[in-house]
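Observations on the three-dimensional arrangement
Each chain is listed here by its residues.
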Amino acid sequence: MWSLEQMLSPIRDNIISRNPNHNEVILMERIKKQKADLIRQRISPAQVDLVRPEIVASWIRSYNYGLDPFSYNHCNILDEADFAELLREKDYFIKAADPYIHQLQNMDSNYLVFLTDDKGIILRVVTGNQKVLEQVKERFQLTPGAVWTEESVGTCSHVLSLLLGRPIQLCGPEMYLETCSYVLGLLLGNHTDQLLAPDINTLSLNQTACSSAPIFDAGGHLAGSLTIISPYLHHQNVHSLGLTVSTAWAIQNQYQLSLNSELLSVTLEAAEDAVLTIDRKGIVTKSNMAAQKLLQSLGQVLSPDQTENIFADQVLVKSVLETGRPVLDREVRIDGCDQPLHLRSIHPVKDPYGKIYGCVLSIKPGDRSGKLLSPAGLATRFTFDTMIGYSEPMLRLIDRAQRFARLDANILIQGESGTGKEVLAQAVHNVSRPHQPFIAVNCAAIPKSLIESELFGYEGGAFTGAERRGRPGKIELAHKGTLFLDEIGDMPLELQAVLLRVLEEKTVMRVGGSRYIPVDFRLITVSNKKLADLVDKKQFRQDLYYRLAVFTLQLPALRERGLDVISLAKSFVETMARDQQVPVPVLSDAAIYSLLQYRWPGNVRQLKNAMLYAVAMARDGIINAADLPEEVRGKMAASNSAQSGSRWETVPGNPRSPELSLKEMEKITIMQTLLKTDHNISEAAARLGMSRSTLYRKIKAYELPEQVRSGVEINK
């Protein structure tokens, strides 16, 4: 916290005497003289002892900006379009400030109040005296859109408040521009008759006090400042500074609440689950679109109302509101609906002092078909029909996976990170047990101390912090469905023996329990490590490995999938453009060439992220090579330069398009044609106007990337 001594002008301490006006005139004349001597370099900054050091430093900067303290320098004003754009950017800030500013306007007609952004641009100016407002606008351009910075108006309170990040008050000659301070004082003090013929005593008796306070956003970043200008230098200057600070804090709190509320709304809408917030009285205060759609599909119109009008079971909500303990993995019912919903969680919302003032409910939404998912099941939207893959390795893999899916046995899926192992697992599940739960567990993401209770569940009171009623484990929740264990190679050795027993006996015992619970599930495990190698290193149980690897599927890396790279890229572009509500851009030939040259160490996940980047960077409906992420462009450019010496320079007038040689253009044409014909050599040769043998010769002569040549082999 800053002390009053740092915020208040020292002038006030010097004018309280038996004859304050006389002392005030003398003090102000001395300050003016010190300011004049300083900027004329007659004295050093250390010799200025009547004002605070930060003001001295600002005087020096103002002088170096070329400002004359005895004449007003007209500032810049944003044009209409730029100011309108600034108002849009500062919409939440201005809406938070407006009610408080207008309260100040009605409080004292001698106050002039203005709001700036973090750069000192005026956003609002109000006063109780309309005539004064018009004169201030005419004389000083103190109007919305005016750029009032230290460079344009010199030392003043809001400039220092923004620079220092704290409240501050300046009085009279402490401000750099003498004329500005003098005229403002007369206008606000209703001494307009003295503006035409001021005498020396009136000019010296400059009683303007300017109080400013900064306003910060929720992240602690400077958002703007609030300033109150008053014609008082006696007891009122303390009052005006306090009023400024308290009003700025009120605006700041309202602004931060607005930002947090908007952030919460965006977060809720981004969540796949149906999310509702409920206050202390059980009233629904907020819900995302998923919650509204889910309840509407069940014949319920969601409106702020008591939760007992929505949920038939009130015990869970009341329990959380009363005890503050969260509830996880339960079933809830809605009036008029026989089928239960899976309640993921109810978490209490507490203030910093631990008082409960609401809770947040997370409910599993319905799937795309409108049917409710089975309790605890994840949405499995991927099927073999939705998988994209036309290369020989993928066609071979999909055929094998479809055969395995029809047989009820464990499947081990291996492949590099990002190749789409969970996508393949969901496709298998939707063939073998489509209407049952799909329970996913990432063995690498759960702490070793919790993975046992996560998999096998626990009875109430089994350990410190356990729920009173206990909790079913993931294996139990997967009954009749599929248990998907991701990164199985990271499962601790001691738990591998327990999992092996579960697979052999088809029963599970909760931690702290005394009875076995029958379970029936299909197990699909995934690893980006070769489990056989881990077995050799004694890091994975051999007997468990043979249990898991009844059927084994090896997902190929993206670099081995030929023209699937382009098919996937186009699919991602279409989906992302649709989600972002922008026109779908097309991939240029140069971009396609770049994608095929790159080796994709991050596989499909990396390609998806690259396409999101490209959609954001694309212009005029085209994704050029320059719109791809730097690592993709860099690899392509280096490889291309080394292999063919081609130039990836910019074409005059089109800085975004690389200049391709005829050889490269023909390469791309062949690639595009092979893609459009699903690698059918006969059809591709016909479209290109050449024989099959010529096409084979060009594929070899042009040294097409290995993945393209491997893709062509399918239809030889």
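Now for a description of the structure that goes with this document. (Residues numbered from 1 in each chain as written. Predicted model: local features only at pLDDT ≥ 70, side-chain atom pairs only at ≥ 80, totals over all residues. Heavy atoms only, no water.)

A few words now on the sheet that holds strand β10 (residues 356–363). Strand order across the open sheet formed by five strands is β7-β6-β10-β9-β8, with antiparallel pairing between neighbours. Looking along the sheet, the strands with just one partner apiece sit at the ends: β7 (284–287) and β8 (327–332). Strand after strand, the sheet turns through a mean of 25° between neighbouring axes, direction not considered. With three bridges connecting them, strand β6 (residues 274–279) and β7 associate as antiparallel partners. Directly across from T277, in β7, lies its bridge partner K286. Strand contacts of helix α14 (residues 315–323): β6, β8, β9 (341–350) and β10, with the helix running at about 140° to β10, the strand carrying the most contacts. (Pairing = 2+ DSSP bridges. Helix = DSSP H or I, 4+ residues; strand = E, 2+ residues; numbered from the N terminus. Axes fitted to C-alpha atoms, helices over the stretch in contact; angles between N-to-C directions. Contact = heavy atoms within 4.5 Å.)

Here the focus is the pairing of β8. Counting buried positions along β8 gives five out of six residues, so the element sits mostly inside the fold. In terms of strand pairing, β8 meets β9 through five bridges, oriented antiparallel. By the bridge assignment, L328 is partnered in β9 with S345. (Buried < 20%, exposed > 50% of the residue type's maximum accessible area, 1.4 Å probe, protein only.)

This brings us to helix α15 (residues 392–405). For α15, with 14 residues, the first-to-last C-alpha span of 20 Å sits near the 20 Å given by 1.5 Å per residue. Of the positions making up α15, those classed as buried are M394, L397, I398, A401, F404 and A405. When α15 is viewed along its axis, its buried side chains cluster within an angular range of 125° and face the same direction. Packed against the buried residues of α15 are β11 (411–414), α16 (421–432), β18 (522–527), β19 (551–554) and α22 (564–579). (Expected span 1.5 Å × (residues − 1). Arc of directions from axis to C-beta.)

Here the focus is the nonpolar core. Ranked by size, the top nonpolar core spans 37 residues in total, and within it L595, W600, L607 and M611 carry the most contacts. Counting residues per element, the ones that place at least two in this core are α22, α23 (589–597), α24 (603–617), α26 (662–676), α27 (681–688) and α28 (692–701). Among the elements that make up this core, the one with the highest residue count is α22 (seven residues). (Core = buried A, V, L, I, M, F, W, Y, C linked by side-chain atoms within 4.5 Å.)

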